[in-house]
Amino acid sequence: MTWKEVIAKEWKYVADKKYVSLLILLLLPLAYTLCFGAIYMQGVVKHIPLVIYDEDQSSVSRSLIQCYNDSDKFEITGYVTSEEDMENMLQQEKALTALYIPKDFSKEVRLGRGGRISITINSVNNTIGNAAIMESWKITRTFNVGVARKLLQGINVIPAEAEKMAYPVTIGVRVLNNPTTAFSPFMLAGLGVQGVQIAIMITVCPLMGGALGKSLGEEGISTFKLYFSRILIYFLMALPGYMLVLVCSSLIFAVPIRGELWKFIILGSSYILNVLGILTLLGTFGKTKALSLQIPMLYIMPGTLYSGLSWPVFAMNEPVFWYAAIMPIRYTAVNVRYLMLGGYVPHLLRDVCVMAAGAAILSGLSCMVYDIKRNYERYPHLGFLFHHK
């Protein structure tokens, strides 16, 4: 059969299944993006439940409490009168943070000795803990400056000079690419890339597992033509799904797209081809269609963890670093984020070449192993790996 006939046959197989594979490759990554986008829609963590234990009960302590009440990061859920009650509220998760203001706090402040408060955080979720620590630090810094300025004004220092004396060092903070530090720009595109990988696994891997050549109606077609025609068909269906993830992230969740289109395309193309290579290789070893999904799933599931999307690659220990290096999502998720938020990728050409080389090697191995599976009678010493007698 000619290439045109084999490709037409593969497309007919997709059409006969009512385009289920096409719909999965287009819509599953989109659903994945929408699902996670809804979680991160708020952008940053807000309204962290806060309990107050104020032993001082002074105008100064009430001013500090008002600062916390004015912050949208905290929501005061109660006041307690003992340390035991405060601990109970944290343990029962009626509050996730607690502000303790000790007795004589206002006296120590007025005497210039420095009042001490404490923040207790139930950091079962590091995101909540980090947000609470950062916001508490900002509130306390602002409060300190205000109190110090009033104290200095009390000794006849003019307001402008009082502020400089109270806060002699100023700091300017400039946050590039994600100035709001929101979670949607930080995570969403990379999670959509993981969705593309899962969609490819669901649609392609069963074709490589289970029944052999004759029962699939593949007789008379060379393995080379069959395999690469299949890769082409599914690549052409997966690429629009990948692009749909980017469009959805931008239009629905306001993630900026600053990179050039061709960079997204070559990055996504090399990623999809690499994923197709490794998943078809793993799927081929499945003696049943169920196994052809389960074996690749063991490889895919840690993808987000090892992609560098949340935990940076440079902070990984050496064994984890090298394991992550064999995963195509490692070269894609963070790079897509770079392109969307910053418009550039530090090592785009290098990463694309790594994935393209990986795709060529893995596809060659997949084709070779699939040929052994289809023609197991020619390889009696290897046929046991694939064929059920």
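Residues numbered from 1 in each chain as written. Predicted model: local features only at pLDDT ≥ 70, side-chain atom pairs only at ≥ 80, totals over all residues. Heavy atoms only, no water.

## Side note on the confidence of the model for the protein chain
Mean pLDDT over the protein chain: 83, with 84% of residues reaching 70 or higher. Looking over the protein chain, one finds the lowest element-wise mean pLDDT in helix α7 (residues 159–166), namely 54, and the highest in helix α10 (residues 261–284), namely 95. (pLDDT = per-residue confidence, 0-100. Helix = DSSP H or I, 4+ residues; strand = E, 2+ residues; numbered from the N terminus.)

## A closer look at the side chain of S363
Within the element layout of this structure, S363 appears in helix α15 (residues 348–374). Taking relative accessible area as the criterion, S363 reaches 8% and is therefore assigned buried. Engagement of the side chain of S363 in a polar contact is seen with the backbone oxygen of A359, the distance being 2.7 Å. Apart from residues no more than four positions distant in its own chain, S363 is found in contact with Y227, F228 and G277. (Buried < 20%, exposed > 50% of the residue type's maximum accessible area, 1.4 Å probe, protein only. Polar contact = N/O pair within 3.5 Å; in protein donor to acceptor, adjacent residues only side chain to side chain. Contact = heavy atoms within 4.5 Å.)

## Observations regarding the nonpolar core
Counting 63 residues, the largest nonpolar core has I200, Y234, Y242, I272 and L279 as the members making the most contacts within it. A per-element tally of this core places helix α8 (residues 183–208) first, with 14 residues. In this view, L279 contacts Q197, I200, M201, C205, P296, Y299 and I300; residues no more than four positions away in its chain are not counted. (Core = buried A, V, L, I, M, F, W, Y, C linked by side-chain atoms within 4.5 Å.)

## Some details on the pairing of strand β1 (residues 48–54)
Taken across its 7 residues, β1 has 6 buried, putting it largely inside the fold. Bridge count for β1 against strand β2 (residues 74–80) is 6 bridges, and the pairing is parallel. In the strand pairing of β2, I52 is matched with Y79. The pairing of β1 with strand β3 (residues 97–101) spans 5 bridges and is parallel. Looking at the pairing, D54 lines up with I101 of β3. (Pairing = 2+ DSSP bridges.)

## Thoughts on the environment of I7
The topology assignment puts I7 in helix α1 (residues 3–16). Sequence separation of I7 and R230 is 223 residues, and the distance between their C-alpha atoms is 7.2 Å. For I7, the contacting residues outside a window of four places in its chain are S229, L232 and I233.

## Side note on helix α14 (residues 333–342)
Burial within α14 is extensive, with 8 of its 10 residues counted as buried. Structurally, α14 contributes buried residues whose contacts are with α8, α9 (223–251), α10 and α15.

## Here's the deal with the pattern of salt bridges
Side chains that differ in charge, positive against negative, can pair when their charged atoms come close. Under the criterion given, the structure shown has 7 salt bridges. The closest approach of N and O atoms between E135 and K73, which form a salt bridge, is 3.9 Å. With a gap of 62 residues between them, E135 in helix α6 (residues 126–153) and K73 in the loop between α3 (59–70) and β2 connect regions that are remote in the sequence. Here R350 makes a salt bridge to D351, at a shortest N to O gap of 3.1 Å. For R350, a relative accessible area of 44% puts it in the partly exposed group. The exposure class of D351 is buried, given its relative accessible area of 3%. Here the salt bridges share partners, and the residues they tie into one network are K73, E135 and K138. (Salt bridge = Lys/Arg side-chain N within 4 Å of Asp/Glu carboxyl O.)

## Digging into the packing of α8 against α9
Relative to each other, α8 and α9 sit at 155°, their axes nearing to 10 Å. Classed by the angle they form, the pair α8 and α9 counts as roughly antiparallel. Taken as a pair, α8 and α9 cross one another with a handedness that is right-handed. Each of L188, A189, G192, V193, V196, I200, T203, V204, L207 and M208 in α8 lies in contact with α9, whose residues at this interface are Y227, R230, Y234, A238, Y242, V245 and S249. Here the contact of α8 with α9 is composed, by residue class, of 13 nonpolar, 3 polar and 1 charged. (Axes fitted to C-alpha atoms, helices over the stretch in contact; angles between N-to-C directions. Parallel < 35°, antiparallel > 145°, perpendicular 65-115°, else oblique. Left-handed = near helix turned anticlockwise from the far one by under 90°. Nonpolar A, V, L, I, M, F, W, Y, C, P; charged D, E, K, R; others polar.)

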